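Letter by letter, the chains look like this.
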Amino acid sequence: MSKVILTVDDSRTMRDMLRLALTDASFTVLQAVDGVHGLEVLEGSQPDVIITDINMPNMDGFGFIEGVRRSGLHAATPILVLTTESDQAKKQRAREAGATGWIVKPFDPVKLVDAVRRVAA
């Protein structure tokens, strides 16, 4: 049975690139367009790993991570942040919100899949 990955990103191009990289590695991919939509998708699913952007409309990645961590059901689900940001303060804020790891865009598909496999184990 394949692992389920939820990707949350407002960029259609980025969602497509993530879907391609992850499905090529035999993962099942769920997608959301922002943090609000991500929390809605979570209500009816049980992903093994979540990958989220930080800068999104409606609800940013920090708010999304905090929302995931508050929902007892997904409190232990690994969350990888995938963003163009590399600022230490933002990394620290993401960790404090409950992020498991940080990947900077543009991503290397092989390294992304390796990171997902590491946290999904």
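Higher on the page you've got the structure.
Scoring rules and cut-offs
Residues numbered from 1 in each chain as written. Predicted model: local features only at pLDDT ≥ 70, side-chain atom pairs only at ≥ 80, totals over all residues. Heavy atoms only, no water. Axes fitted to C-alpha atoms, helices over the stretch in contact; angles between N-to-C directions. Helix = DSSP H or I, 4+ residues; strand = E, 2+ residues; numbered from the N terminus. Parallel < 35°, antiparallel > 145°, perpendicular 65-115°, else oblique. Left-handed = near helix turned anticlockwise from the far one by under 90°. Contact = heavy atoms within 4.5 Å. Nonpolar A, V, L, I, M, F, W, Y, C, P; charged D, E, K, R; others polar.

Packing of helix H1 (residues 12–24) against helix H5 (residues 109–120) brings their axes to within 10 Å, and their N-to-C directions diverge by 65 degrees. What the angle tells us is that H1 and H5 run roughly perpendicular. Along this stretch, H1 crosses H5, giving a crossing that reads as right-handed. Between H1 and H5, the residues in contact are Leu18, Ala21 and Leu22 and Pro109, Leu112, Val113 and Val116, respectively. Partitioned by chemical class, the residues of the contact of H1 with H5 number 7 nonpolar, no polar and no charged.

This next bit is on unusual backbone geometry. The amide bond that connects Lys105 to the next residue, Pro106, takes the cis arrangement and shows omega of -5 degrees. Although it is not a glycine, Ser26 sits at a positive phi angle of roughly 70 degrees. The topology assignment puts Ser26 in the loop between H1 and strand E2 (28–32).

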